[in-house]
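Coordinates in review
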Amino acid sequence: MDTGTHPIDFGGTPPRARPLDVRWIHGSPSAKHNTDPDIQVHAYDEHTFVLRQNKAVHYEAPFLFLLCGEERAVLIDTGATESAEFFPLRRVVDATLADWLDRHPRDGYELLVLHTHGHGDHVAGDGQFADRPRTTVVSAEPAVAWRYFGFDADPEAVARVDLGGRVLECLATPGHHEAAVTYYDPPTGLLLTGDTVYPGRLYIQDVPAFTRSMDRLIEFADRRPVTHVLGCHIEMTTEPGVDYPVRTTYQPDEPPLQLTPAHLRRIRDALGDLGDDGSRRAHSDFVLCPHD
């Protein structure tokens with residue numbers, strides 16, 4: 001492929017854990033006094049961006065991920081707000097990609113939109129990309145997503161999404177949601193776990209499925225260099241075992257977003273302590289919330 005510039009080397013050396021000591025936008029005492037951007041963009045490295053939605057726009061304040069390859073970028077999740085006026089996701093993504101293409105020019109660059117799962121706070125912005133040129137939006141609906149990844153034929157498969165020199169490994173990890181997907185990015189070592197693993201309330205729709213998914217993630221991470229485990233929310237406080245109330249729009253004492261592979265085992269061990277009453281179980285940096 002003639003890109004007009006030197007190819008990007010996404011492989012060859014083991015990934016290294018870059019610092020993530022980011023002060024994420026975390027809301028304001030009142031929406032009237034909010035001065036944060038609608039979307040925060042943090043460049044994890046030259047080709048990898050972590051976005052967070054403003055809590056004044058939506059209390060869920062989900063994280064989204066934009067990864068650039070040689071031929072296309074992938075946006076993983078589209079946030080909690082449909083309106084481009086209040087949540088200008090496409091504009092921010094377009095500006096981020098335009099800046100990246102200024103440094104790495106190539107013709108016909110594409111965008112792929114995928115999801116960690118189909119809950120509303122992860123798919124609301126899909127419509128902003130419906131008419132975007134050279135863009136493919138893969139619905140998070142189970143039948144569509146599973147067919148795209150090939151999980152309809154083999155739910156235990158490790159699907160691969162090639163961005164051009166940068167190939168994501170994708171796993172079906174149901175339990176929180178029937179069509180939950182976890183993404184591993186070999187160049188960075190980032191394991192993107194959606195709402196399956198993050199510092200907050202881990203809502204479990206299907207406990208046996210969630211347990212199998214945790215077993216699979218542990219086995220997967222044992223065989224690969226994982227630098228950070230990144231989910232899509234922060235709901236804990238810096239006080240161990242204490243989470244912010246649901247619908248909180250100001251979280252001044254958030255812990256870091258990033259967890260470690262060791263947390264996968266801690267969550268798996270904690271699943272063994274769940275009772276039959278469906279009550280929540282608080283641990284130092286996550287809360288298990290089983291429900292039907």
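Criteria and thresholds
Residues numbered from 1 in each chain as written. Predicted model: local features only at pLDDT ≥ 70, side-chain atom pairs only at ≥ 80, totals over all residues. Heavy atoms only, no water. Salt bridge = Lys/Arg side-chain N within 4 Å of Asp/Glu carboxyl O. Buried < 20%, exposed > 50% of the residue type's maximum accessible area, 1.4 Å probe, protein only. Pairing = 2+ DSSP bridges. Helix = DSSP H or I, 4+ residues; strand = E, 2+ residues; numbered from the N terminus. Axes fitted to C-alpha atoms, helices over the stretch in contact; angles between N-to-C directions. Contact = heavy atoms within 4.5 Å. Expected span 1.5 Å × (residues − 1). Arc of directions from axis to C-beta. UniProt positions renumbered as here; feature names shortened; annotations may be inferred.

To continue, consider the pattern of salt bridges. This model, assessed by the stated rule, comprises 20 salt bridges. With its nearest N and O atoms 3.5 Å apart, the salt bridge here joins Arg72 to Glu71. Accessibility expressed as a relative area gives 34% for Glu71, which makes it partly exposed. One connected set of salt bridges, linked through shared partners, spans Arg90, Asp94, Asp131 and Arg132.

For the rest of this paragraph, the subject is the sheet that holds strand E13 (residues 281-283). Where strands meet in a sheet, backbone hydrogen bonds hold them as pairs that are either parallel or antiparallel. The three strands are arranged E11-E14-E13 in an open sheet whose pairing can be described as mixed. In this open sheet, the two edge strands, each paired with only one partner strand, are strand E11 (201-204) and E13. Taken pair by pair, the neighbouring strands of this sheet meet at an average axis angle of 20°, ignoring direction. The pairing of E13 with strand E14 (residues 286-290) spans three bridges and is classified as antiparallel. Residue pairing for E14: Arg281 is matched across the bridge by Leu288. Along the sheet face, helix H5 (residues 261-271) touches E11, E13 and E14 and points at about 40° away from the line of E14.

For helix H1 (residues 89-103), with 15 residues, the first-to-last C-alpha span of 21 Å sits near the 21 Å given by 1.5 Å per residue. Those residues of H1 not exposed but buried are Leu89, Val92, Val93, Thr96, Leu97 and Trp100. Along the axis of H1, the buried positions cluster into a sector of 125°, meaning they face one direction only. Facing away from the buried side of H1, by more than 90 degrees, are the exposed residues Arg91 and Asp102. Residues of H1 that are buried in the fold lie against strand E1 (39-45), strand E2 (48-53), strand E3 (63-68), strand E4 (72-76) and strand E5 (110-114).

Quick look at the UniProt feature "domain: Metallo-beta-lactamase" (unreviewed entry) in the chain now. Under the present numbering, the feature "domain: Metallo-beta-lactamase" (unreviewed entry) in UniProt falls on residues 61-233. End-to-end, the C-alpha atoms of residues 61-233 are 7 Å apart, and along that stretch the chain is 25% helix and 28% strand.

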